[in-house]
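Read off the chains here:
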Amino acid sequence: MFNVENIRKDFPILSRTVNGKPLVYFDNAATSQTPQQVIDVIVDYYSNYNANIHRGVHTLSQEATDKYEQARKKIQTHFNAKLAHEIIFTSGTTHGINLIANGFSSFLKKGDEIIVSALEHHSNIVPWQMLCERTGAILKVIPMNLDGELIMTEFDKLLSDKTKLVFVNHVSNALGTVNPIEYIIEKAHGVGAAVLVDGAQSSPHIKPDLQALNVDFYVVSAHKMCGPTGVGMLYGKEAWLKKLPPYQGGGEMIAEVTFEKTTYAELPHKFEAGTPNICGGIAFGAAIDYMNAIGFDTIAKYEHELLEYATNKLLEIDGLKIYGTSKHKTAVISFNLEGIHPYDVGTILDKLGIAVRTGHHCAQPIMDFYKIPGTVRASFSFYNTKSEIDVLVEGVKKAKTMLS
Ligand SMILES: *Cc1c(COP(=O)(O)O)cnc(C)c1O
């Protein structure tokens, strides 16, 4: 049985106060909080077996290597990748996307097309613009509707034999829309294009089955799913990873080096140059264990309850508008109070101990679409409660009184 009060005890940070008030943490889409079980793994690593991996013959190095590779296997199992070496450790989603964008430089020619969606995070737009500049490829954008959903009939029209790559996030960080990636992947494959899905915002709420999705690449950040910052996963189909050139040169990624020629190491090491975030990788594995112990179905069901509760309560406030009204949403609410700047609302909420994000959420094109400077975004996690939502609703009412 899911008991949120017991779950909350796992997160030391949730018992602190902010500005004299109990912390209400509703900025989970920016980063999630870390349970004691994951903190313990980090402390254990540095206390007991901190060593460089894959190199030393000594015991500590072997222990660290084993734990790191076990974490890779955990990630493989969780996302249901076929092979452990299809899991590349990265520093996070941004790194994974750049690795692919860089690799595709050698596959694209002038006039080829890359399709991205109107719902993208900046980290999923800029690398493609840079790739287009390098190669002469053209960037096309799947437009969105007022509910914050991608328009699939427009996507169909963009596809052609010129399409080489399609990049879309699984869930929009600004609005919470869950995108129809199954459809996108199937259609893109129909014209021979590869698909990269940004799973940074889906992975905290949904357990994707990468083999069933048949996606070519999928990227996530550990810090959005109860893990530490500075580590993430790039999944790539083996055939693609073999074809792609390495991203960075350095130790760990080579088989043999002479001044004439270097041969690259086997997967996954080809893409893991230098000493990785060893502790982070191991803690990422622990975070996945933690979330699976609760269960992703349980998490999704509870978060959906929070979303419905908060949506109904917030909409009772006169002049409050929610952006992103798709039926397919994770527990994210982006909203504004009529005539009031989101930043001012966020500042008052902070005084009340409530952490929300304000601004464009690294997704400025979405804000331009709605012709707003930004929104207040409250994003919920399985450790949040309805009474915290009540605190938010009271806070928003107070902000409205003070600012209008
Ligand atoms: C957070 C986020 C990113 C960037 O993740 P980093 O951990 O900062 O690299 C990319 N895409 C989406 C949808 C995100 O939510």
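Each value, and the rule that gives it
Residues numbered from 1 in each chain as written. Predicted model: local features only at pLDDT ≥ 70, side-chain atom pairs only at ≥ 80, totals over all residues. Heavy atoms only, no water. Helix = DSSP H or I, 4+ residues; strand = E, 2+ residues; numbered from the N terminus. Rg over C-alpha atoms; globule rule 2.2 N^0.38 Å. Buried < 20%, exposed > 50% of the residue type's maximum accessible area, 1.4 Å probe, protein only. Contact = heavy atoms within 4.5 Å. Areas by Shrake-Rupley, 256 points an atom, 1.4 Å probe, with all protein chains shown as cover. Lys, Arg positive; Asp, Glu negative; His and termini not counted. Charge placed at Lys NZ, Arg CZ, Asp CG, Glu CD. Axes fitted to C-alpha atoms, helices over the stretch in contact; angles between N-to-C directions. Parallel < 35°, antiparallel > 145°, perpendicular 65-115°, else oblique. Left-handed = near helix turned anticlockwise from the far one by under 90°. Nonpolar A, V, L, I, M, F, W, Y, C, P; charged D, E, K, R; others polar. Core = buried A, V, L, I, M, F, W, Y, C linked by side-chain atoms within 4.5 Å. Domains from an automatic or database assignment. Buried area = accessible area lost by both parts, 1.4 Å probe. Salt bridge = Lys/Arg side-chain N within 4 Å of Asp/Glu carboxyl O. Polar contact = N/O pair within 3.5 Å; in protein donor to acceptor, adjacent residues only side chain to side chain. Pairing = 2+ DSSP bridges.

Trainee: What exactly am I supposed to notice about the overall build of the protein here?
Mentor: When helices and strands are counted, the protein shows 14 helices and 17 strands. Taking 22 Å as the expected radius of gyration for a compact globule of 404 residues, we find that the protein reaches 22 Å, a close match to that expectation. In terms of overall dimensions, the protein has a C-alpha envelope of 70 × 55 × 35 Å along the principal axes. Burial statistics for the protein: of 404 residues in total, 53% are counted as buried. Across the protein, the fraction of contacts at a sequence separation of at least 24, relative to all contacts at a separation of at least 6, is 71%. When the accessible surface of the protein is totalled, it reaches about 17200 Å², and 53% of it is carbon and sulfur. Here the protein contributes 38 positively and 43 negatively charged side chains, and the mean placements of these two sets differ by 3 Å.

Trainee: I keep staring at the packing of helix α3 (residues 59–79) against helix α10 (residues 278–294) and nothing clicks. Help me out?
Mentor: Two measures define how a pair of helices packs: the angle their axes make with one another and the distance between the axes. Where α3 contacts α10, the two axes come as close as 8 Å, and the packing angle between them is 40 degrees. Our classification of the angle between α3 and α10 gives oblique. Read as a crossing pair, α3 and α10 show a hand that is left-handed. Residues Ala-64, Lys-67, Tyr-68, Ala-71, Lys-74, Ile-75, His-78 and Phe-79 of α3 pack against Ile-278, Gly-281, Ile-282, Phe-284, Gly-285, Ile-288, Asp-289 and Asn-292 of α10. The residue inventory of the contact of α3 with α10, partitioned by class, reads 9 nonpolar, 4 polar and 3 charged.

Trainee: Just checking my understanding: could you explain the nonpolar core for this structure?
Mentor: Across soluble globular proteins, you tend to see nonpolar side chains buried next to one another. Among the nonpolar cores identified, the biggest contains 100 residues, and Met-233, Phe-284 and Phe-382 are the most heavily contacted of them. It is α10 that contributes the most residues to this core, 11 residues altogether. Residue contributions to this core reach at least three from each of two domains, namely domain 1 (4–30 + 295–403) and domain 2 (39–292). Core analysis: the second largest hydrophobic core is formed by 25 residues, Ile-88, Ile-97, Trp-240 and Leu-267 among them.

Trainee: When you look at unusual backbone geometry in this model, what are you seeing that I'm missing?
Mentor: If a residue is not glycine, its phi is most likely negative; likewise, a peptide bond is most likely trans. Note the cis peptide between Leu-267 and Pro-268, where omega equals 0 degrees. The residue Pro-268 is located in the loop between β12 (262–264) and α10 in this model. Not every positive phi belongs to a glycine, and Cys-226 is a case in point at roughly 75 degrees. Inspection of the secondary structure assignment puts Cys-226 in the loop between β9 (217–221) and β10 (232–236).

Trainee: I tried to follow the domain arrangement of the protein on my own but got confused; where do I start?
Mentor: In many analyses, interface size is given as the accessible surface area lost on bringing the parts together. Domain annotation of the protein identifies domain 1 (4–30 + 295–403) and domain 2 (39–292). A separation of 28 Å is found between the C-alpha centroids of domain 1 and domain 2. Facing the 34 residues of domain 1 at the interface are 34 residues of domain 2. When the two sides are added together, the surface that domain 1 and domain 2 hide from each other amounts to roughly 2700 Å², 60% of it contributed by carbon and sulfur. For the pair domain 1 and domain 2, the number of links is 0 salt bridges. Taken together, the links from domain 1 to domain 2 amount to 14 residue pairs in polar contact (both at pLDDT 80 or more). Among the secondary structure elements, those contributing two or more residues to the side of domain 1 that touches domain 2 are α11 (296–315), β14 (332–337) and α13 (364–370). Top contributing element to the side of domain 1 that touches domain 2 by residue count: α13, with 6 residues. Residues that form the side of domain 1 that touches domain 2 fall into these classes: 19 nonpolar, 10 polar and 5 charged.

Trainee: For this particular structure, what's the right way to read the sheet that holds strand β13 (residues 320–323)?
Mentor: In a beta sheet, neighbouring strands pair by backbone hydrogen bonds and run either parallel or antiparallel. Spatial ordering of the open sheet is given by β13-β14-β17-β16, a layout of 4 strands whose pairing is antiparallel. The open sheet has two edge strands with one neighbour each: β13 and β16 (357–359). Strand-to-strand twist in this sheet, taken as the mean axis angle between neighbours without regard to direction, amounts to 30 degrees.

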